[in-house]
Amino acid sequence: MAPAAITLAAEAPKLSAANTGFMLICSALVMLMTPGLAFFYGGMVRVKSTLNMLMMSFISLGIVTILWVLYGFSLAFGTDKGSLIGWDGDFVGLSGVGLTQLWDGYTIPVYVFAVFQLMFAIITPALISGALADRVKFSAWALFIALWATIVYFPVAHWVWGTGGWAFDLGVIDFAGGTAVHINAGAAALGVILVIGKRVGFKKDPMRPHSLPWTMLGAGLLWFGWFGFNAGSWLGNDDGVGALMFINTQVATAAAMLAWLIYEKLRHGAFTSLGAASGAVAGLVAITPSGGAVSPLGAIAVGAIAGVLCAMAVGLKYKFGYDDSLDVVGVHLVGGIAGSLLIGFFATGGGQSDASGLFYGGGLTQFWKQCAGVGGVLAYSLIASAILAFLIDKTMGMRVSEDDEVAGIDQVEHAETAYDFSGAGGGSIARTATPAPGAQNSKKVDA
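Residues numbered from 1 in each chain as written. Predicted model: local features only at pLDDT ≥ 70, side-chain atom pairs only at ≥ 80, totals over all residues. Heavy atoms only, no water.

1. Remarks on the nonpolar core
1) Next: The biggest cluster of nonpolar side chains holds 106 residues, and the ones touching the most others in it are Trp 68, Phe 73, Leu 132 and Tyr 153.
2) Next: A per-element tally of this core places helix α5 (residues 138-161) first, with 16 residues.
3) Next: Beyond its immediate stretch of four places on either side in the chain, Leu 132 contacts Met 56, Trp 141, Val 192, Ile 193, Ile 196 and Ser 325.
4) Next: Membership of the second largest hydrophobic core comes to 9 residues, among which are Val 294, Ala 299, Ala 306 and Phe 346. (Core = buried A, V, L, I, M, F, W, Y, C linked by side-chain atoms within 4.5 Å. Buried < 20%, exposed > 50% of the residue type's maximum accessible area, 1.4 Å probe, protein only. Helix = DSSP H or I, 4+ residues; strand = E, 2+ residues; numbered from the N terminus. Contact = heavy atoms within 4.5 Å.)

Written out as structure tokens, the structure reads:
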């Protein structure tokens, strides 16, 4: 018996300095994505809403961090309770976690796993904010984040990634957050906007982006940070799966950007910078659940399909009349669904698991599992988010007044403006001067 015991002891995972360092870097990359998202969204709103849009992302860094340490990590990754939620007293306040205690089955400390997953918890509610631009009270939004993270995100994270969660046990593949992050956020956005209604002037007034360079910068920061978001989700570098995810992240994003641009050129007659940025994000969203299961050729297909579908979907808000300000539903919900379901067709069985899709001899078994995961998360997030928004709206009010919305939510909610031109000369004289040719189409019209 002694030799067997010695062998088992030798095979126990040991802390890996390389994997630990890698995961700390990945955690920092994912943290950068939330400010990147703030710039991505901030450039797409009108001048009078810029700071509010930035703050709606930044506040998530504060609120969710504290909730995660207090109880969120325990709810998401604690011992399973009925396949719906987790709980572990040692994770409450992270008070019972040892300095070198390893995450079960891996070579990184619990602290490192906890901080990596924290960054996912932060950015997910921030994603929702893009659908609500121009019209939500900041205090109501802060309360919504706290309630939504507790009631929706933490349980869904357990379903998908927690040992014993129903989607995890079913075999739903979600490498880095197609269901738990993107479908979750996209469905929540739809639920909230159906409750709070449209912006003043929706489909009547021009609401063009005030700074497309900001949006392109934000997209670049998201693309950069997404390598940590995706490749880091394998929690190490020992078998090549993280490397597969890394290259698939780049490949799918490139394919989606090109597909979106081609679609809008054929449909609208121009290649736009907003289309390039949005297409890139659509590809990042779609490869998030699927990148560990498909080949690089499969990643091209996933990205191209998602790019076209999301480009088509952003126009649905005008057809159906819901005001998704910055296309969270069109990009994150539709992209997340596409990426998750395409696993059922393109999974090779040679990546993160041996599950194969239809095109690799696996039939439709995995596809139906993916449908279950997509449907369960979508329905729960949509309904729960709508109920939360309704309750907040009926108690403290979710929206600013119509007059405040027209005047500008930045000044009303934050007592600031994004740009101060007082020292630039011109003043009121410049406002009354005869405009240059084409000036009537400038971004000042949308301010």
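2. Overview of helix α14 (residues 365-395)
1) Next: A rise of 1.5 Å per residue sets the reference length of α14, with its 31 residues, at 45 Å; its end C-alpha atoms lie 46 Å apart and thus fit the reference within 8%.
2) Next: Of the positions making up α14, those classed as buried are Gln 366, Phe 367, Gln 370, Gly 373, Val 374, Val 377, Ser 381, Ala 384, Ser 385, Leu 388, Ala 389 and Ile 392.
3) Next: Lining the buried residues of α14 we find α5, α6 (166-170), α7 (178-196) and α13 (328-346).
4) Next: Positive phi shows up at Gly 397, right after α14, with a value of about 85 degrees. (Expected span 1.5 Å × (residues − 1).)

3. Here's the deal with the confidence of the model for the protein
1) Next: Confidence in the prediction for the protein averages 92 pLDDT; 92% of positions are at 70 or higher.
2) Next: With pLDDT under 50 throughout, residues 1-10 is counted as low confidence; its partners more than four residues away or in other chains account for 0 contacts.
3) Next: Between residues 427-447, whose pLDDT stays under 50, and residues either more than four places distant or in other chains, the model counts 12 contacts. (pLDDT = per-residue confidence, 0-100.)

4. Observations regarding the packing of aromatic side chains
1) Next: Throughout the structure, instances matching the rule amount to 31 aromatic pairs.
2) Next: Centroid distance Phe 175 to Trp 234: 5.6 Å. Interplanar angle 15 degrees. Geometry classified as stacked. With Phe 175 in the loop between α6 and α7 and Trp 234 in the loop between α8 (212-231) and α9 (241-268), the pair connects residues that are 59 residues apart, well separated along the chain.
3) Next: The exposure class of Phe 175 is buried, given its relative accessible area of 6%.
4) Next: By relative accessible area, which is 24% here, Trp 234 ends up partly exposed. (Phe/Tyr/Trp six-rings, centres within 6.5 Å; stacked < 30°, edge-to-face > 60°.)

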